[in-house]
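Observations on the model geometry
The primary structure of each chain is shown beneath.
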Amino acid sequence: MFVALERLINLDEGYKRAFDVAGRQLLLIVDQGQHLLFENRCPHQGAPLHDGTLAGGLLRCRRHGIEFDVHSGRPRQAHCGSLIRWPVAYDGDRLGLDV
Ligand code: FES
């Protein structure tokens, strides 16, 4: 089943927004024209990532400052897991995910 999250026309560079999909916290961002969907949970100690900063392809968690490469999901200069990425789906003029 397709669950729509956002209209494509709204997905400008630097877009970053959190969603709750059936109790799962997700984070949709746009970087270098790519639509990237992650669990909205820092792999380090679980802080939400939607209030982090996104610049230069790096998402910086506010809690302890670890930066994650949004294209590989990997942390920089830290020992913790990678971002958990979800595949996006498209239906007409909307982006979402298949659940
Ligand atoms: S919880 Fe995100 S850097 Fe520690």
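Here we summarise the structure given alongside this text. (Residues numbered from 1 in each chain as written. Predicted model: local features only at pLDDT ≥ 70, side-chain atom pairs only at ≥ 80, totals over all residues. Heavy atoms only, no water.)

1. A few points about the overall build of the protein
The secondary structure content of the protein amounts to zero helices and eleven strands. Reading the helices (α) and strands (β) of the protein from amino to carboxyl end gives β-β-β-β-β-β-β-β-β-β-β. The C-alpha radius of gyration of the protein comes to 13 Å, within 12% of the 13 Å expected for a compact globule of 99 residues. Overall size of the protein, expressed as C-alpha extent along the three principal axes, is 40 × 25 × 20 Å. Among the 99 residues that make up the protein, the fraction classed as buried is 36%. In the protein, of all internal contacts separated by at least 6 residues, the share reaching a separation of at least 24 is 43%. Taking the average location of the 12 positive side-chain charges in the protein and that of its 12 negative ones, the two points are 7 Å from each other. (Helix = DSSP H or I, 4+ residues; strand = E, 2+ residues; numbered from the N terminus. Rg over C-alpha atoms; globule rule 2.2 N^0.38 Å. Buried < 20%, exposed > 50% of the residue type's maximum accessible area, 1.4 Å probe, protein only. Contact = heavy atoms within 4.5 Å. Lys, Arg positive; Asp, Glu negative; His and termini not counted. Charge placed at Lys NZ, Arg CZ, Asp CG, Glu CD.)

2. Considering the pattern of salt bridges
For side chains bearing opposite charge, pairing can occur when the charged atoms are close. Throughout the structure, instances matching the rule amount to five salt bridges. Across the pair Glu67 and Arg76 runs a salt bridge, and its minimum N-O distance is 3.6 Å. By relative accessible area, which is 23% here, Glu67 ends up partly exposed. Here the salt bridges share partners, and the residues they tie into one network are Arg7, Asp93 and Arg94. (Salt bridge = Lys/Arg side-chain N within 4 Å of Asp/Glu carboxyl O.)

3. Side note on the nonpolar core
Core analysis: the biggest nonpolar cluster contains 13 residues, and Ile29, Phe38, Cys42, Leu49 and Val70 have the highest contact counts within it. For this core, the secondary-structure elements that each account for two or more residues are β3 (24-31) and β4 (34-39). Among all residues touching Cys42, those that are not within four sequence positions of it are Ala47, Leu49, Cys61 and Phe68. (Core = buried A, V, L, I, M, F, W, Y, C linked by side-chain atoms within 4.5 Å.)

4. Quick notes on the sheet that holds β4
Taken in spatial order, the four strands of this open sheet run β2-β3-β4-β9, and their pairing is antiparallel. Edge positions in the sheet fall to β2 (16-21) and β9 (85-86), since each has one partner strand and no second. Two strands pair when backbone bridges link them, and β4 and β9 are joined in this way by two bridges, in the antiparallel orientation. Within β9, the residue paired with Phe38 across the bridge is Arg85. (Pairing = 2+ DSSP bridges.)

5. Considering the pairing of β2
In this structure, β2 lies alongside β3, joined through six bridges in antiparallel fashion. When the bridges of β3 are listed, Arg17 appears paired with Leu28. Between β2 and β3, which pair antiparallel in sequence order, lie two residues; one of them, Ala22, sits at a positive phi of approximately 50 degrees.

6. Looking at the sheet that holds strand β10 (residues 89-91)
On the basis of which strands lie adjacent, the open sheet formed by three strands has the order β1-β11-β10 and antiparallel pairing. In this open sheet, the two edge strands, each paired with only one partner strand, are β1 (2-7) and β10. Sheet twist, expressed as the average angle between the axes of neighbouring strands with direction ignored, equals 40 degrees. As paired elements, β10 and strand β11 (residues 94-98) share three bridges and run antiparallel to each other. The partner of Ala89 across the bridge, within β11, is Gly96. (Axes fitted to C-alpha atoms, helices over the stretch in contact; angles between N-to-C directions.)

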